[in-house]
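# Per-entry structural report
Residue strings, one per chain:
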Amino acid sequence: MEATNSIGSTISPAPININLSSGTLGRHLARRLVQIGVKDVFSVPGDFNLTLLDHLIAEPELNLIGCCNELNAGYAADGYARAKGVGACVVTFTVGGLSVLNAIAGAYSENLPVICIVGGPNSNDYGTNRILHHTIGLPDFTQELQCFQTVTCAQAVVNNLDDAHELIDTAISTALKESKPVYISISCNLPGIPHPTFAREPVPFYLAPKVSNQLGLEAAVEAAAQFLNKAVKPIIVGGPKLRVAKAQQAFMEFADASSYAVAVMPSGKGLVPEQHPHFIGTYWGAVSSGFCGEIVESADAYVFVGPIFNDYSSVGYSLLIKKEKSIIVQPNRVTIGDGPSFGWVFMADFLTLLSKNLKKNSTAMENYRRIYVPHGIALKRENNEPLRVNILFKHIQEMLSGETAVIAETGDSWFNCQKLRLPENCGYEFQMQYGSIGWSVGATLGYAQAARGKRVIACIGDGSFQVTAQDISTMIRCGQKTIIFLINNGGYTIEVEIHDGPYNVIKNWNYTALVDAIHNGEGKCWTSKVRTEEELIEAISTATGAHKDSLCFIEVLVHKDDTSKELLEWGSRVSSANSRAPNPQ
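All of these numbers come straight from a predicted model, not from anything done at the bench.

### Let's talk about the overall build of the chain
- Counting its regular elements, the chain contains 20 helices and 21 strands.
- Here the C-alpha radius of gyration of the chain, 25 Å, is about what a compact globule of 585 residues would show, namely 25 Å.
- Residues classed as buried in the chain amount to 56% of the 585 residues present.
- Summarising the internal contacts of the chain: among those between residues at least 6 apart in sequence, 76% fall at separations of at least 24.
- Carbon and sulfur atoms make up 52% of the accessible area of the chain, which totals about 23,900 Å².
- Put simply, the chain has 46 plus and 56 minus side-chain charges, and the middle of one group is 5 Å from the middle of the other.

Structural data, given as structure tokens:
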């Protein structure tokens, strides 16, 4: 028997028979996680989940990773899901659940299947008038559930063994089908009790592949081909929902068949190979990469594949694109210009069939080559001149390969990392839709744990780092070899460029000393503080040489006003959008 843990991927069941004495809820959940591809679970213990944690630890194929707080455990599950396809975290009731909630909301915004498991109250306490600790002091235990209902695609409250099997399986399979987080609460007294429904190895899931409405698919392709084949200089733009639609291969088939110029939205970076001969860069309105915005906005037809248009990606609603010139391809719907919209048409099916119905048209690509001028050469610098951010990223660019991955924290790292040219198979992740500062520390932990064959390079601002710094500790415990560039410019620089004020200045820390204290001589960790290009070159040489097997933390001190020109432009436009006066009533 064969089963899928996500559309298009399979898992083969392990032929294990379990006798009734070991057929418990805790074992079933542990085996389910292993079956769907989870090998590491991020957790924070609390009295309501301790017995459940015992059962997860007892599963030989599962590694339990204790985090410093629930928020980071959730961020780690988010990062893990980006690399592995699914992630999981375990926390305790309400105090843990509400702490992890922000991370789960971020995973929801990015369409990541994260299994959020909470150790709940004893099953005997439901329906009584008892007040429990870790609650807000009411005998109603539903506050946590109500909070999770808006940021998960399914919820299961397991307080009875008879239907526990069905509730758990339905929640996990829904997470895989919807590619969204789910919430599972398990009463603290149930994980170790044998029950007949758990008497054998869980039968692996079969998730039926989604098949397009054939008539709708054909109609959508016919309309799109007619629209595009009469265009003079059409282009393609890839967006973040390429991932959830599992349509990256179909997207490249479309790019090859059409010969159109190919751009990505900022949140789609890393989902499209940048070595493709027709790749022209990031389309981000006024802050697009060089000459990309001009080609996109002057096109007479553009195919946006899996876009998210929000105030950030549209640079304060300033994109110069027109609906009547666009084809919008979402995971399950295609809209042609101002005209028809076709539902239950899936992205990969649509792109594959459309590829067979297009005339080649390389006009936009030829225009790009005609106007393109290579990046300027960095200005000459004096010896021991204070380090500039553009120099830092020149050296980070040289570190990239197919064996690295970049994690870009919310802030100016968005803009600087966006300009990196990714080699083939180089990973790239950031959280643009939710934009939660501090996300990258936990996400780096989770991503590095899942992608053991890659060395993660994380670019984190000092303000963001102060939110979630503790789980550097967990990276060291896990023996990770990440290189973290802590960019110390004395505050929340992205906020400064939107709206400045004294609240954007933060207390400076001795960041390398902090990490040394966390290291405390246990595990492999190396730190360095750099102020000049010479010191940076030496630090990178050490991190990739003598300390290539260590967690390397490089604090880069730069001027507080040393920001990318893209952030300056973007910040002023977002500020303008934020400060619009109320419409007259």
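### A few points about the packing of aromatic side chains
- The full count for this structure, using the stated rule, is 19 aromatic pairs.
- Measuring from centroid to centroid gives 5.8 Å for Tyr428 and Phe430, while their planes differ by 65°, and the two rings are edge-to-face. The two residues Tyr428 and Phe430 agree in class, both being buried.
- Arranged with centres 5.9 Å apart and planes meeting at 65°, the rings of Phe465 and Tyr511 form a pair that is edge-to-face. In this pair, Phe465 sits in helix α15 (residues 462-468) while Tyr511 sits in helix α18 (residues 511-519), placing the two residues 46 residues apart along the sequence. When sorted by exposure, Phe465 lands in the same class as Tyr511, which is buried.
- By the ring-pair criterion, three or more aromatic residues cluster together here, those being Phe48, Phe93, Tyr126 and Phe141.
- Its guanidinium or amino end placed over the ring of Phe205, Arg32 lies 4.0 Å from that ring's centre, counting from NZ or CZ.
- Sitting above the plane of the Tyr108 ring, Lys180 keeps its charged end 3.9 Å from the centroid.

### So, the environment of Asn122
- Within the secondary structure, Asn122 is located in the loop between β6 (114-120) and α5 (143-149).
- You can call Asn122 partly exposed: its relative accessible area is 22%.
- A polar contact is formed between the side chain of Asn122 and the side chain of Asn189, at a distance of 3.4 Å.

### A few points about helix α4 (residues 97-109)
- Between its terminal C-alpha atoms α4 stretches 18 Å, which fits the 18 Å expected from 13 residues at 1.5 Å a residue.
- Considering bend angle alone, the principal kink of α4 is centred on Ala103 and spans about 30°.
- Listed in full, the buried residues belonging to α4 are Gly97, Val100, Leu101, Ala103, Ile104, Ala105, Gly106, Ala107 and Ser109.
- Next to the buried residues of α4 lie α3 (70-84), β5 (87-92), β6 and α5.
- Asn111, located one to two residues past α4, shows a positive phi value of around 60°.

### Some points on the pairing of β6
- Of all 7 residues in β6, 7 are buried; the element is thus mostly enclosed.
- In β6, alternate side chains face the same way, and those of Val114, Cys116, Val118 and Gly120 on one face and Ile115, Ile117 and Gly119 on the other are all buried.
- This β-α-β element, β5 to α4 to β6, shows right-handed connectivity.

### Looking at the packing of helix α7 (residues 214-229) against helix α10 (residues 347-355)
- Between α7 and α10, the shortest axis-to-axis distance is 10 Å and the interhelical angle comes to 50°. Of the possible angle classes, the one that applies to α7 and α10 is oblique. Our pair here, α7 against α10, has a crossing hand that is right-handed. When α7 is examined against α10, the residues Leu217, Ala220, Val221, Ala224, Ala225 and Leu228 are found in contact with a partner set consisting of Asp349, Phe350, Leu353 and Leu354.
- Here the contact of α7 with α10 is built from residues that sort into 9 nonpolar, no polar and 1 charged.

### Describing unusual backbone geometry
- You will see that His134, though not glycine, has its phi angle at about 65°, which is positive.
- Its location among the elements puts His134 in the loop between β6 and α5.
- In the Ramachandran plot, Trp344 falls in the positive-phi region, its phi being about 55° despite a non-glycine side chain.
- Inspection of the secondary structure puts Trp344 in the loop between β15 (341-343) and α10.

### Considering the sheet that holds strand β10 (residues 261-264)
- What the 7 strands build is an open sheet, ordered β11-β10-β9-β12-β13-β14-β15; its pairing is mixed. What marks the edges here is a single partner per strand, and that holds for β11 (279-282) and β15. The sheet shows a mean angle of 15° between the axes of neighbouring strands, direction not considered.
- Bridge count between β10 and β11: 3 bridges; the pairing is parallel. Paired with Ala263 across the bridge in β11 is Gly281.
- Seen against the sheet, α7 touches β12 (302-305), β13 (326-330), β14 (333-336) and β15 and runs at an angle of roughly 35° to β14.
- Contacts from helix α8 (residues 248-258) reach β9 (235-238), β10 and β12, with the element oriented near 165° to β9.

### Remarks on the nonpolar core
- With 95 residues, the main nonpolar core has Phe42, Phe393, Phe465, Ile472, Phe485 and Ile554 as its most contacted residues.
- One finds Leu228, Ala247, Ala250 and Val329 within the second-largest nonpolar core, a separate group that totals 37 residues.

### Focus: the pairing of strand β8 (residues 182-187)
- With 6 of 6 residues buried, β8 is to be regarded as a mostly interior element.
- Across 6 bridges, the pairing between β6 and β8 is parallel. Among the inter-strand pairings, Cys116 is bridged to a residue of β8, identified as Tyr183.
- Where strand β7 (residues 154-158) and β8 come together, 5 bridges link them in parallel fashion. Paired with Ala156 across the bridge in β8 is Ile184.
- Read as a crossover between parallel neighbours, the route from β7 over helix α6 (residues 161-178) to β8 is right-handed.

Quick notes on the rules
- Residues numbered from 1 in each chain as written.
- Predicted model: local features only at pLDDT ≥ 70, side-chain atom pairs only at ≥ 80, totals over all residues.
- Heavy atoms only, no water.
- Helix = DSSP H or I, 4+ residues; strand = E, 2+ residues; numbered from the N terminus.
- Rg over C-alpha atoms; globule rule 2.2 N^0.38 Å.
- Buried < 20%, exposed > 50% of the residue type's maximum accessible area, 1.4 Å probe, protein only.
- Contact = heavy atoms within 4.5 Å.
- Areas by Shrake-Rupley, 256 points an atom, 1.4 Å probe, with all protein chains shown as cover.
- Lys, Arg positive; Asp, Glu negative; His and termini not counted.
- Charge placed at Lys NZ, Arg CZ, Asp CG, Glu CD.
- Phe/Tyr/Trp six-rings, centres within 6.5 Å; stacked < 30°, edge-to-face > 60°.
- Lys NZ or Arg CZ within 6 Å of the ring centre and 35° of its normal.
- Polar contact = N/O pair within 3.5 Å; in protein donor to acceptor, adjacent residues only side chain to side chain.
- Expected span 1.5 Å × (residues − 1).
- Bend = angle between axes of the 7 residues up to and from the residue.
- Right-handed = clockwise from strand over helix to strand, strands pointing away.
- Axes fitted to C-alpha atoms, helices over the stretch in contact; angles between N-to-C directions.
- Parallel < 35°, antiparallel > 145°, perpendicular 65-115°, else oblique.
- Left-handed = near helix turned anticlockwise from the far one by under 90°.
- Nonpolar A, V, L, I, M, F, W, Y, C, P; charged D, E, K, R; others polar.
- Pairing = 2+ DSSP bridges.
- Core = buried A, V, L, I, M, F, W, Y, C linked by side-chain atoms within 4.5 Å.

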